[in-house]
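Take a look at the letters that make up each chain.
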Amino acid sequence: MAPAVHPPSSPALPSDSDERYANVKWEELGFALTPTDYMYVAKCQKGESFSEGKIVPYGNIDISPCSAILNYGQGLFEGLKAYRTEDGRCRLFRPDQNALRMKMGAERLCMAYPSLEQFISAVKQTALANKRWVPPPGKGTLYLRPLLIGSGPALGIGPAPEFTLCVYASPVGSYHKGTSGLNLKVDHKNHRAHSGGTGGVKSCTNYSPIVKPLLEAKSSGFSDVLFLDAATGRNIEEVSACNIFVVKGNAVSTPATSGTILPGITRKSIIDLARDIGFRAEERVVPVEELLDADEVFCTGTAVVVRAVETITFMDKKIEYKTGSEALSTKLYEMLTGIQTGRLEDTRGWMVEIDGCNG
Ligand SMILES: *Cc1c(COP(=O)(O)O)cnc(C)c1O
């Protein structure tokens, strides 16, 4: 007898109309988890290298209550997307950069890490196993979430005796609701990162402390929080999960990655694209006062892509910025997504094909 309800992660459930795609209302996707069929898991025991890794059904993982991730937050995450082209292929955007960033983070947190090749292969295998969840072109992307965690028991402070690399996937749409620009609030009280801390790596521990300021800002009607540097409180750093750029005349500026800024791959790519069209892109200290007379402000990240900022509220001033079709952020969004979807030529070799995804 057929079950009355199919679980959303059932591997044997093609959509009614088209077997190449899962039964998803693509138009309704936001940035929330839609469980997919499979995930990738590989383990690394103390003193050894990572096991080959396997694709297994998506589901809960067994972990020691004494694991280093659960007790002391020894863990890193990554985020990247698989993009569907008009002719049905699937491609990743600069996965080598995610692998390198995971390595940097692992060194900071004393964790074993997969080789660049294993990382990219793990991500490709996960995307391929879940290919029917890669949205049709223009309808979203398959978000891939690699996790590197201290899975072995550690009661004393120290590296875990076992590490796990896990990659899971979820189709996603837009990160912030709506299509208009963001309304940010400058936070003068909470700080995201400290010099010498882990703000410059994608450590799991960076995120739970910002939930409170984020919820407070949202309950006052803001879309997100803009954090200032912890040392002086005078310079802008970044938004809760994305980098920030300030545009003034021909200059596009973003805070330099000197330890408290997450080195975003979108950030790095946008610097290149802005230079391509004749802007002066600068990585430097950006004093908060520059927000007062900037022409434009925008955010970048894998999840947000490139998103214009409409207003920033700073003390009791609300500053408005240029958004819309004439804005530089719109131009840069079109350039970046053009490369990602195959509408524009990928002159830098940023896109990596996932073989076998078509059909
Ligand atoms: C992941 C992340 C970003 C964006 O990095 P991308 O590589 O562009 O996705 C920015 N800031 C924080 C705090 C992040 O965690």
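This structure is a prediction, so every number in the text was calculated from the model and none was measured.

So, how was this worked out
Residues numbered from 1 in each chain as written. Predicted model: local features only at pLDDT ≥ 70, side-chain atom pairs only at ≥ 80, totals over all residues. Heavy atoms only, no water. Phe/Tyr/Trp six-rings, centres within 6.5 Å; stacked < 30°, edge-to-face > 60°. Helix = DSSP H or I, 4+ residues; strand = E, 2+ residues; numbered from the N terminus. Buried < 20%, exposed > 50% of the residue type's maximum accessible area, 1.4 Å probe, protein only. 1 Å grid on protein atoms, 1.4 Å probe; cavity = no way out; pocket = protein on both sides within 12 Å on 5 of 7 lines; lining within 4 Å. Points joined across faces, edges and corners; volume = space filled by probe spheres on them. Nonpolar A, V, L, I, M, F, W, Y, C, P; charged D, E, K, R; others polar. Domains from an automatic or database assignment. Patch = residues over 30% accessible without salt bridge, like charges linked within 9 Å, V, L, I, M, F, W, Y side chains within 5 Å. Areas by Shrake-Rupley, 256 points an atom, 1.4 Å probe, with all protein chains shown as cover. Salt bridge = Lys/Arg side-chain N within 4 Å of Asp/Glu carboxyl O. Disulfide = S-S within 2.5 Å. Contact = heavy atoms within 4.5 Å. Buried area = accessible area lost by both parts, 1.4 Å probe. Polar contact = N/O pair within 3.5 Å; in protein donor to acceptor, adjacent residues only side chain to side chain. Pairing = 2+ DSSP bridges. Right-handed = clockwise from strand over helix to strand, strands pointing away.

**Observations regarding the packing of aromatic side chains**
Argument step 1. Tallying each qualifying case throughout the model produces 6 aromatic pairs.
Argument step 2. When the centroid spacing of 5.1 Å and the interplanar angle of 75 degrees are considered together, the rings of F31 and Y143 count as edge-to-face. Of the two residues, F31 is situated in the segment before β1 (38–45) and Y143 in strand β6 (residues 141–150); the sequence distance between them amounts to 112 residues.
Argument step 3. The exposure class assigned to Y143 is buried, which follows from its relative accessible area of 10%.
Argument step 4. For the ring pair Y58 and Y168, a centre distance of 6.2 Å and an interplane angle of 55 degrees mean the geometry is tilted. One end of the pair, Y58, is in the loop between β2 (54–57) and α1 (68–72); the other, Y168, is in strand β7 (residues 162–172), and 110 residues separate them in sequence.

**A word on the layout of surface pockets**
Argument step 1. Roughly 920 Å³ of volume is contained in the largest pocket.
Argument step 2. Counting only elements with at least two residues in the lining of the largest pocket, the list comes to β4 (80–84), β15 (305–314) and α6 (328–341).
Argument step 3. Of all the elements, α6 adds the most residues to the lining of the largest pocket, at 6 residues.
Argument step 4. Counted by class, the lining of the largest pocket contains 12 nonpolar, 17 polar and 7 charged residues.
Argument step 5. Mapping the lining of the largest pocket onto the domain boundaries places at least three of its residues in each of domain 1 (25–172) and domain 2 (182–323).
Argument step 6. Of the volumes computed, that of the second largest pocket is approximately 600 Å³.
Argument step 7. Taken together, the elements giving at least two residues each to the lining of the second largest pocket come down to β6, α4 (211–219), α5 (265–276) and β14 (296–301).

**What to know about a nonpolar patch on the surface**
Argument step 1. Taken together, Y72, L155 and I157 make up a surface patch of nonpolar side chains, about 380 Å² in accessible area.
Argument step 2. Within the secondary structure, I157 is located in the loop between β6 and β7.
Argument step 3. Note on I157: relative accessible area 76%, which makes it exposed.

**Considerations on the state of the cysteines**
Argument step 1. Enumeration over the complete set of coordinates arrives at 1 disulfide.
Argument step 2. With its sulfur 2.2 Å from that of its partner, C90 forms a disulfide with C357. In this structure, the disulfide formed by C90 and C357 twists by about -55 degrees around the S-S bond and is classed as left-handed. On the criterion of sequence distance, the pair formed by C90 in strand β5 (residues 90–93) and C357 in the segment after β17 (351–353) is long-range, its members being 267 residues apart.

**Here we look at the domain arrangement of the protein chain**
Argument step 1. Segmentation of the protein chain into domains returns domain 1 (25–172) and domain 2 (182–323).
Argument step 2. For domain 1 and domain 2, the distance between their C-alpha centres works out to 26 Å.
Argument step 3. Taken together, the contact between domain 1 and domain 2 spans 20 residues of the former and 19 residues of the latter.
Argument step 4. Across the domain 1/domain 2 interface, buried area totals approximately 1600 Å², and carbon plus sulfur atoms make up 65% of it.
Argument step 5. Where domain 1 touches domain 2, the interface holds 0 salt bridges.
Argument step 6. Taken together, the connections running from domain 1 to domain 2 amount to 7 residue pairs in polar contact (both at pLDDT 80 or more).
Argument step 7. Considering every element that reaches the side of domain 1 that touches domain 2, the biggest residue donor is helix α2 (residues 95–108), with 6 residues.
Argument step 8. A per-class count over the side of domain 1 that touches domain 2 returns 9 nonpolar, 6 polar and 5 charged.

**Some remarks on the pairing of strand β9 (residues 224–228)**
Argument step 1. For β9, the buried fraction is high: 5 of the 5 residues fall into the buried class.
Argument step 2. Residues of β9 alternate between two faces, with D224, L226 and L228 on one and V225 and F227 on the opposite face, all of them buried.
Argument step 3. Judged from the 4 bridges that link them, strand β8 (residues 182–187) and β9 form a sheet pairing that is parallel. Across the sheet, residue D187 finds its bridge partner in β9, namely F227.
Argument step 4. Taken together, β8, α4 and β9 constitute a β-α-β crossover, and its handedness is right-handed.
Argument step 5. Pairing of β9 with strand β10 (residues 236–239), which is carried by 2 bridges, proceeds in the antiparallel orientation. Pairing of L226 across the sheet is with V239, part of β10.

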